[in-house]
Amino acid sequence: LNCFYAQGQFIPNADFENYTSCPAALSELSKCSSWLQPTSGTTDYYNCSFYTNGFLSGAPSSGSGVIGLWSITSSVVANYYGEYAKANLITPLKKDSTYCISFDAMYDSDFFSFFGATINSCVDFGIYIYNDTAVLPILGGASGIYDVNAQAATNSSNILINTYKTFSYTYT
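Residues numbered from 1 in each chain as written. Predicted model: local features only at pLDDT ≥ 70, side-chain atom pairs only at ≥ 80, totals over all residues. Heavy atoms only, no water.

*Asks:* Describe in detail the packing of aromatic side chains, supporting the description with residues and values.
*Replies:* In total, this model carries four aromatic pairs according to the counting rule given. For the ring pair Phe10 and Tyr99, a centre distance of 5.4 Å and an interplane angle of 90° mean the geometry is edge-to-face. Placement of the pair is Phe10 in the loop between β1 (2–3) and β2 (44–46) and Tyr99 in strand β6 (residues 99–105), with a sequence separation of 89 residues. Accessibility assignment for this pair places Phe10 and Tyr99 in one class, buried. Seen from their ring centres, Phe16 and Trp35 are 5.0 Å apart, and the 50° between their planes marks the pair as tilted. Placement of Phe16 in the loop between β1 and β2 and of Trp35 in the loop between β1 and β2 is noted, with a sequence separation of 19 residues between them. Judged by relative accessible area, Trp35 falls into the buried class, the value being 13%. In textbook terms, an aromatic cluster arises when at least three aromatic residues are bridged by ring pairs, as seen for Phe103, Phe167 and Tyr169. (Phe/Tyr/Trp six-rings, centres within 6.5 Å; stacked < 30°, edge-to-face > 60°. Helix = DSSP H or I, 4+ residues; strand = E, 2+ residues; numbered from the N terminus. Buried < 20%, exposed > 50% of the residue type's maximum accessible area, 1.4 Å probe, protein only.)

Pasting the structure below:
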């Protein structure tokens, strides 16, 4: 069983530690080495001393880097809004092999107070593995929500507020 989690065997910069320069504002995923922003949603990158800016009240679950993203269905954000992060795998996956996918996630209470959102307005969180040449359907325009079924996903109600939880899945 091969595992995707933080060892970096398959995912480059899996703990978001490496950067081209320290983030100084929101929406700076481009400063996180090996990670891309695949839609016009504004994924945030936190590292160096850039953590407490009203959207992240804690530190990463390990190391010094973390990304902040959210996907929500609400009239506050024109019905659909999604933020994503994308990385190309270091090593291609092999057909008929089983892999484990593991990630840490939490909701930050500041997010809910700032946007007036609730867990019920958040979209389920997951990891979708696909061929980079695939065109993924998006609901709600360029900053909307991908209309795909993630291979590793959790219902938004399983994610804790201000406490990291590890989610692990197998994928064949």
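*Asks:* Explain the environment of Asn149 residue by residue, including any values.
*Replies:* On the secondary structure map, Asn149 appears in the loop between β9 (145–146) and β10 (152–154). Assessed through its relative accessible area of 69%, Asn149 is described here as exposed. Considered as a pair, Asn149 and Gly126 are 23 residues apart in the sequence and their alpha carbons are 8.5 Å apart.

*Asks:* Kindly report on the state of the cysteines, identifying the contributing residues and their values.
*Replies:* In total, this model carries one disulfide according to the counting rule given. With its sulfur 1.9 Å from that of its partner, Cys22 forms a disulfide with Cys48. Taking the sign of the S-S torsion, about -80° here, the bridge from Cys22 to Cys48 comes out left-handed. Within this pair, whereas Cys22 is found in the loop between β1 and β2, its partner Cys48 is found in the loop between β2 and β3 (66–68), the two being separated by 26 residues in sequence. A relative accessible area of 35% means that Cys22 is categorised as partly exposed. (Disulfide = S-S within 2.5 Å.)

*Asks:* Tell me about the environment of Asn47, and please be specific about residues and values.
*Replies:* Residue position: Asn47 is located in the loop between β2 and β3. Along the backbone, Asn47 and Tyr19 are 28 residues apart, and their C-alpha atoms lie at a distance of 8.4 Å. Look past the residues within four positions of Asn47 in its chain and what remains in contact with it is Phe16, Glu17, Tyr19, Pro23, Ser64 and Gly65. Among the polar contacts listed, one links the side chain of Asn47 to the backbone oxygen of Glu17, at a separation of 3.3 Å. Reaching out from Asn47, the side chain makes a polar contact with the side chain of Tyr45 at a distance of 2.7 Å. (Contact = heavy atoms within 4.5 Å. Polar contact = N/O pair within 3.5 Å; in protein donor to acceptor, adjacent residues only side chain to side chain.)

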